[in-house]
Amino acid sequence: MKKYLILTEKPSAAQNFSKALGGLTGDFADFTYQITNLRGHVMTLVDPEVMVEESLKKQYRSWQIKYLPWQLSDFSWQRDYIKTRNLRTGRLESTKKLVDELKKESRRGYDAIVIATDTDPSGEGELLAWEALEAIGWSGQVLRANFIDESIKELQKALRNLRDVSVMAEDGEYLKGEGRNRWDFASMQLTRIATTAAKRAGFKVVAREGRLKSVIAWKIYEQLMAIKNYVAKPFFEVKFIDPAGHIFTRSSKSDDLASWRFMDKQAAINDLANYHSSAVTNEQHKKKRQQPGRLLDLAGLAASLATRGFNAKEILATYQKMYEAQLVSYPRTEDKTITPEQFNELAPLADKIAALVGVDQTLLTHRQARSTHVKPQGSHGANRPGLTLPGNLASLSKYGPSGPAIYELLAKNYLAMLAEDYIYDHVTAELLDYPKFKTAFNIPIALNFKKIFDSQQEVALDDHKTTYKSNQVGPMADPMVAEGVNPKPQQPSTKWIMAFLEKNQVGTGATRVSTLAEMGRGSQAMLKENRGKLTLTQTGDVSAILVKDTWIASPKITKRLFEMMEQVGRFEIKQAKLSESVTMLVEHDLPIMVANAEQLIPLLGQPKASKPRRTPSEKITAEWQGQTISFAKEWSGHTFTTAEIEQLIAGQEITFPAKTKRGKDYMARGQLAKQTYKGSTFYGFKLKPKDK
């Protein structure tokens, strides 16, 4: 039997493979195996100046605009281990140890290494596996296990259908992932341009520009400016109203609009004299049906849950943990439908899922697959509940605050397609004496799936609903002067930006959510998200102003870039062509960004003054417990007196008046001690806890 090393993406995936195969080692199908794991990416591209020859290092290290655009042919595309600082210990940690362990394990006589990382639409899973295989110098056979989720059945199926991908340059998924990786790396030129231009104008920010960030930042800024500059412009016109409140009006798209819509109210009052009450006629009723809305992707899920106070970052993290526990399906899917096999797998669990989320099971009468929701094509399938059911919704809080809400929304969205169509009566009518005045409304006959969940309504931007005293029209309608106003631009929100990106086909549902989460993270956050409402920080404002009229902020250009990355994976274009597009984009956008920087102060005012740097406290050097040490002469605003310093050096306790962070007075008591902060040792005053 052949011997395979199964390489998973992370420890949780290794555990799921172990569960599916019966252990971390053993026999399966026609091979013996050993399961091991990475921890996401273990290698990263080095800094630009490290990739080029010695004579070019200075210019590639520089942020000066005169050295841009880069010549990407200068790069070796070299990788190195990833180094991060442990937040708990403060120590710098490297992935070298993990890579070395993998290298050591790979030399134990394996016939092949099986790439068992996520089958990611962007090629990310393929990329991080090949990075590790390159790092250990593996030259043997490489097989690929593709799976749509980490269920036992799916993992076993994947390992029975391994593909040979031994030639890295012929692995389309790797090429797609690496093409995207190199493009994003090279696009840091835009961040250097924007940051340098902003700094020249006095704004000390890191203006992170990118193929999705810039589109989002500019669209939000443009909308906020539209709101700021909005001026209400009332208009007046004659309409008719019947006793039930149905409004009869002319089409605003008619050619003679200017002759009956007035900016002056008196003109409309004068026009009212030209009309009299009229009978309602040509009343028509048409019975219509509406199928359940589509299954939500991660972007739709985030848009819906944002109004409940859950931000993109939290939803993304919680969903991932729930996926690893097999409670929900794969998060980063591009599919909007599910396959017949996926439908049949989940169908037997429908009643149990309904009981979990409080859905009336008698509504689930459409148990056959709908052609609108279930199609043969697909991979991971649309976002939906997993095959593992939770004990109850409340228990999902352990994965994150949004856990119960995520599951409830996914479950109801899925169950809605098992209910019958919404049936309604579409009513239209017009006025006998004035046929151009018409009305139309719907009368529900059977709500059916709408009693469970309406995904179309959930992500709709206009939630306005009109109610009437009666569904009866007429018999007469009376003229009146109605006032209208030009609509105020909508406040930017998660739902709003997701709808914009969806309409323009920019990114996938998952990339939209992850980008929004990233833009709201850290000290250089570009935006703030509060219960779904989006605002820009100063960094976001600067970034947005700089990309006005650029290609990087264009939805069409961004959509084309995503298409080119897909083309690389399908061998339709070379990776070099994709890389060339970065250079073209930088050449186009550089002068525009520099010119836009001149508008920063006129639009934003003078930049905020930086906080003054804290002056380091004076140090005292002395002999303490047989060694020479240094410690700060000041603690929490109190400067030690000569007497107090002598007492501290002698190992004695001292007491002095102090204030808490909230300004409350108290007596601080403590002594000199050796201490540790973020992995570093220092000497200083140590406060003793209060006596209980």
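Numbers given for residues are sequential positions, taken from 1 along each chain in its written order. Predicted model: local features are reported for residues with pLDDT of at least 70 only, side-chain atom pairs are reported and counted for 80 or more only, and whole-chain, interface and lining totals are derived from all residues. Values shown for side chains rest on all heavy atoms present in the structure; no hydrogens or waters enter the calculation.

**A word on the overall build of the protein chain**
How we decide: Runs of E in the DSSP output that reach at least two residues are strands. Runs of H or I that reach at least four are helices, and both are numbered from the N terminus. Residue burial is assigned from relative accessible area. The probe radius is 1.4 Å, only protein chains are included, and a residue is buried under 20% of its type maximum, exposed over 50%, and partly exposed in between. Any pair of residues with heavy atoms lying within 4.5 Å of one another is described as a contacting pair. Only the protein chains shown count as cover for residues, and the accessible areas themselves come from Shrake-Rupley with a 1.4 Å probe. Neither His nor the chain ends contribute to the count of charged residues, in which Lys and Arg are positive and Asp and Glu negative. Just so you know, the charge point we use is NZ for Lys, CZ for Arg, CG for Asp and CD for Glu.
Within the protein chain one finds 23 helices and 26 strands. Referenced to the eigenvectors of the C-alpha coordinate spread, the extents of the protein chain come out at roughly 105 × 75 × 65 Å. Burial analysis of the protein chain (692 residues in total) assigns 50% to the buried set. Residue pairs at least 24 apart in sequence account for 74% of intrachain contacts in the protein chain once pairs closer than 6 positions are excluded. Put simply, the protein chain shows about 35000 Å² of open surface, and 51% of that area lies on carbon and sulfur atoms. Here the protein chain carries 98 positive and 79 negative side-chain charges, and the mean point of each set is 5 Å from the other.

**Focus: helix H1 (residues 11–21)**
In an α-helix there are 3.6 residues to a turn, and that puts residues three or four apart on one side. Across the 11 residues of H1, 8 count as buried, placing the element largely inside the fold. Residues Ser12, Ala13, Ala14, Asn16, Phe17, Ser18, Ala20 and Leu21 constitute the buried set of H1. Against strand S1 (2–8), strand S2 (25–28), strand S3 (31–37), strand S8 (112–116), helix H6 (152–160) and helix H12 (312–324) lie the buried residues of H1. Just beyond H1, the residue with positive phi is Gly22, at close to 95°.

**Side note on the pairing of strand S16 (residues 438–446)**
In regular strands, side chains alternate between the two faces of the sheet. Counted only if it meets this: Pairing between two strands is assigned when DSSP locates at least 2 bridges connecting them.
Two strands pair when backbone bridges link them, and strand S15 (residues 422–431) and S16 are joined in this way by 8 bridges, in the antiparallel orientation. Opposite Tyr424, over in S16, you have Pro444 as the bridge partner. Counted along the chain from S15 to the antiparallel partner S16, the turn is 6 residues long.

**A word on the nonpolar core**
For the record, the criterion: For the purposes of this section, nonpolar cores are sets of buried Ala, Val, Leu, Ile, Met, Phe, Trp, Tyr and Cys residues that join through side-chain atoms within 4.5 Å.
Counting residues in hydrophobic clusters, the biggest one holds 143 residues, and the most contacted among them are Tyr407 and Leu415. If you tally residues by element for this core, the top one is helix H15 (residues 403–416), at 9 residues.

**Re the pattern of salt bridges**
Inclusion rule: Salt bridge criterion: a side-chain nitrogen from Lys or Arg within 4 Å of a carboxyl oxygen from Asp or Glu.
Scanning the model with the defined rule gives 38 salt bridges in all. For Arg570, the salt bridge identified is with Glu572, shortest N-O distance 2.9 Å. Judged by its relative accessible area of 47%, Glu572 falls in the partly exposed class. One salt-bridge network, held together by shared partners, links Arg79, Glu131, Glu134, Glu178 and Arg182.

**Description of the side chain of Ser187**
Note on placement: Ser187 falls in the loop between helix H7 (172–186) and helix H8 (188–200). Those residues in contact with Ser187 that lie beyond four places of it in its chain are Glu209 and Val582.

**Some remarks on the domain arrangement of the protein chain**
The following threshold applies: Reported domain spans reflect what an automatic or database domain assignment gives. We define buried area as the total accessible area lost by two parts upon association, computed with a 1.4 Å probe and summed across both. For the purposes of these results, a polar contact is taken to be a pair of N or O atoms within 3.5 Å, where, inside protein, one atom must be able to donate a hydrogen and its partner to accept one; residues adjacent in sequence count only when each atom of the pair is a side-chain atom. Each residue receives one of three labels: charged for Asp, Glu, Lys and Arg, nonpolar for Ala, Val, Leu, Ile, Met, Phe, Trp, Tyr, Cys and Pro, and polar for the others, Gly being one of them.
When cut into domains, the protein chain gives domain 1 (2–42 + 82–170), domain 2 (190–228 + 491–604), domain 3 (234–291 + 422–485), domain 4 (298–418) and domain 5 (619–687). The C-alpha-based centres of domain 3 and domain 4 are spaced at 38 Å. Counting from both sides, the interface comprises 9 residues of domain 3 and, opposite them, 13 residues of domain 4. Buried area between domain 3 and domain 4, summed over both chains or domains, comes out near 870 Å², and the portion from carbon and sulfur atoms is 69%. It is Gln291, Ile452 and Phe453 in domain 3 that bury the most area against domain 4; as a group they hold 63% of the surface buried on that side. Where domain 3 touches domain 4, the interface holds 0 salt bridges. If you look at where domain 3 meets domain 4, you find 1 residue pair in polar contact (both at pLDDT 80 or more). Broken down by class, the residue content of the side of domain 3 that touches domain 4 amounts to 4 nonpolar, 3 polar and 2 charged.

**Structural notes on the packing of helix H17 (residues 494–503) against helix H18 (residues 509–519)**
Definition in use: Helix axes use the C-alpha atoms of the stretch in contact, all axes being lines fitted to C-alpha atoms, and the angles between their N-to-C directions lie in the range 0 to 180 degrees. Under this scheme an angle from 65 to 115 degrees is roughly perpendicular, one under 35 degrees roughly parallel, and one over 145 degrees roughly antiparallel; angles in between are oblique. Here a crossing is taken to be left-handed if its near helix is turned anticlockwise relative to the far helix by less than a right angle, and right-handed if that turn runs clockwise.
Closest axis-to-axis distance for the H17/H18 pair is 11 Å, and the angle between their directions is 135°. Between H17 and H18, the interaxial angle falls into the category oblique. Remark: the crossing between H17 and H18 carries right-handed chirality. Packed against H17, whose contacting residues are Thr494, Met498, Leu501 and Glu502, the element H18 presents Arg512, Val513 and Leu516 at the interface. Grouping the constituent residues of the contact of H17 with H18 by class yields 4 nonpolar, 1 polar and 2 charged.

**Describing the sheet that holds S1**
The strand order across the open sheet formed by 6 strands is S2-S3-S1-S8-S9-S10, and the pairing between neighbours is mixed. The open sheet has two edge strands with one neighbour each: S2 and strand S10 (163–164). Judged from the 2 bridges that link them, strand S9 (residues 141–144) and S10 form a sheet pairing that is antiparallel. The residue of S10 that forms the bridge with Leu143 is Asp164. Running at roughly 170° to S1, helix H4 (residues 96–106) makes contact with S1, S3 and S8 of the sheet. The sheet strands contacting H6 are S1, S2, S3 and S8, and the helix crosses S2 at an angle near 70°.

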